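Here is how the chains run, residue by residue.
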Amino acid sequence: MRRTALAALALAAVTATGLTGCAGGDKESTGSPADRAGQSTAKEPKSSPKPEEPFAGLTGGQIAEKAFAATTAAPSLRMKGSVPDDASGGAIEVDMALDKRGECAGTMGMDGQGEAELIKTGDTVYLRYDEKFLRAQSEGEPKGEVDAAVALLAGKWMKTSATGADAEDLAGFCDLDEVLGGAEKGDADAARGAVTTIDGTPAITLTAQDGEDRFTLYVATEGEPYLLRLDSASATDPGTLSFTDYGTPVAAKKPTGEILDLDTLS
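The notes below deal with the structure included here. Sequence order as written defines residue numbering, which begins from 1 separately in each chain. Where totals are concerned, whole chains, interfaces and linings use all residues; where local detail is concerned, this predicted model gives features only for residues with pLDDT of at least 70, and gives and counts side-chain atom pairs only at 80 or more. Processing note: side-chain calculations cover all non-hydrogen atoms of the structure and skip hydrogens and water entirely.

### Some details on the packing of aromatic side chains
Centres within 6.5 Å make a pair out of two Phe, Tyr or Trp rings, where for Trp the six-membered ring is used; the pair is then stacked when the planes are under 30 degrees apart, edge-to-face when over 60, and tilted otherwise. Applying the stated criterion to the full structure yields two aromatic pairs. Considering the side-chain rings of tyrosine 129 and phenylalanine 133, the 5.1 Å spacing of their centres and the 5° angle between planes classify their relative orientation as stacked. Aromatic side chains tyrosine 226 and tyrosine 246 sit 3.8 Å apart centroid to centroid with 0° between the ring planes, which places their arrangement in the stacked category. Of this pair, tyrosine 226 sits in the loop between β11 (213-220) and β12 (227-232) while tyrosine 246 sits in the loop between β13 (239-244) and β14 (259-261), and the two are 20 residues apart along the sequence. Helix and strand labels come from DSSP, where a helix needs a run of H or I of at least four residues and a strand needs a run of E of at least two; each type is numbered from the N terminus.

Here it is as structure tokens:
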């Protein structure tokens, strides 16, 4: 399973120097009523103040750079959406909370074919697959072996060492620094777009292009300038990721009940 750097790729694509955007505007002032010879005249209607422009005076590239810095500095976040899988050519659906300590908890799926729960805490990875996921991932295998695996594993928690070869990619996916790191600035530009809301949070839209790849980013305009959503129209990395729950502790705890040890199963 590939480690996705989709978020970092798009963020880095719009942080290159020399990017252009729209400059900010001035805030409109309002007038006051006049008094004449002790007689009050009717108040002149006040014009509505012009909403303050978010990130006034900053280019799209400068806003994206702020978003990149804030997002990568966050101790934890929740990432939800779909990213491509190189091995299968399909898409991985992910809903995962992760932090910089390498802890994570959430779910992963493949093209709507079942779901796997994943928890990593300390040096151990815990997994629980549903039957649909197991059968989809075992397509082409002998029916008897698949049925036996389903009977043994479906709906049951398993554990494996996070340092083992089979869990290396999963463990890396749980590390926020690794997921968002490793990207470099590229030749791209970013343009300021409309102000909108993402799940109730005010945001500004940024659009960017790197070669034939196009990205749309939504950056919070209140509080920290976190990245809220990324839409990628890239031919190689299409998908959408949402980012929420910044700074919220990850609820990564060892599951209760019976746990199969994959490292000891033959």
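### Points about the pattern of salt bridges
Salt bridges, as used here, are contacts in which a Lys or Arg side-chain nitrogen is within 4 Å of a carboxyl oxygen on Asp or Glu. Inspection of every chain in the model, using the stated rule, returns nine salt bridges. Here arginine 101 ties to aspartate 99 by a salt bridge, and the two come within 3.6 Å at their closest N and O atoms. Type-normalised accessible area, obtained with a 1.4 Å probe on protein chains alone, sets the label of each residue: buried when under 20%, exposed when over 50%, and partly exposed for intermediate values. Looking at aspartate 99, the relative accessible area reads 5%, which means it is buried. Here lysine 100 ties to aspartate 177 by a salt bridge, and the two come within 3.7 Å at their closest N and O atoms. Of this pair, lysine 100 sits in the loop between β4 (91-99) and β5 (104-110) while aspartate 177 sits in helix α6 (residues 176-180), and the two are 77 residues apart along the sequence. Residue class for lysine 100 comes out partly exposed when judged on its relative accessible area of 31%. Each member of the salt-bridge network shares a partner with another, and the members are Glu131, Arg135, Lys143 and Asp147.

### Description of the state of the cysteines
The term disulfide is used for any two cysteine sulfur atoms that are within 2.5 Å. Considering all chains together, one arrives at one disulfide under this definition. The partner cysteine of cysteine 104 in its disulfide is cysteine 174, sulfur to sulfur 1.9 Å. Of this pair, cysteine 104 sits in strand β5 while cysteine 174 sits in the loop between α5 (168-173) and α6, and the two are 70 residues apart along the sequence. The pair formed by cysteine 104 and cysteine 174 is uniform in burial state, with each residue classed as buried.

### Some points on helix α2 (residues 60-73)
To estimate how far a helix should extend, the number of its residues minus one is multiplied by 1.5 Å. The end-to-end C-alpha separation of α2 is 20 Å, in line with the 20 Å expected for 14 residues at 1.5 Å each. Within α2, burial applies to Gly60, Gly61, Ile63, Ala64, Ala67, Ala70 and Thr71. In this fold, the buried residues of α2 make contact with β3 (76-84), α6, β9 (189-198), β10 (201-210), β11 and β12. In what follows, residue pairs with any heavy atoms lying within 4.5 Å of each other are defined as contacts.

### Quick notes on unusual backbone geometry
The phi angle at phenylalanine 55 is positive, at roughly 55°, despite the residue not being glycine. Although it is not a glycine, aspartate 245 sits at a positive phi angle of roughly 55°. Checked against the element boundaries, aspartate 245 lands in the loop between β13 and β14.

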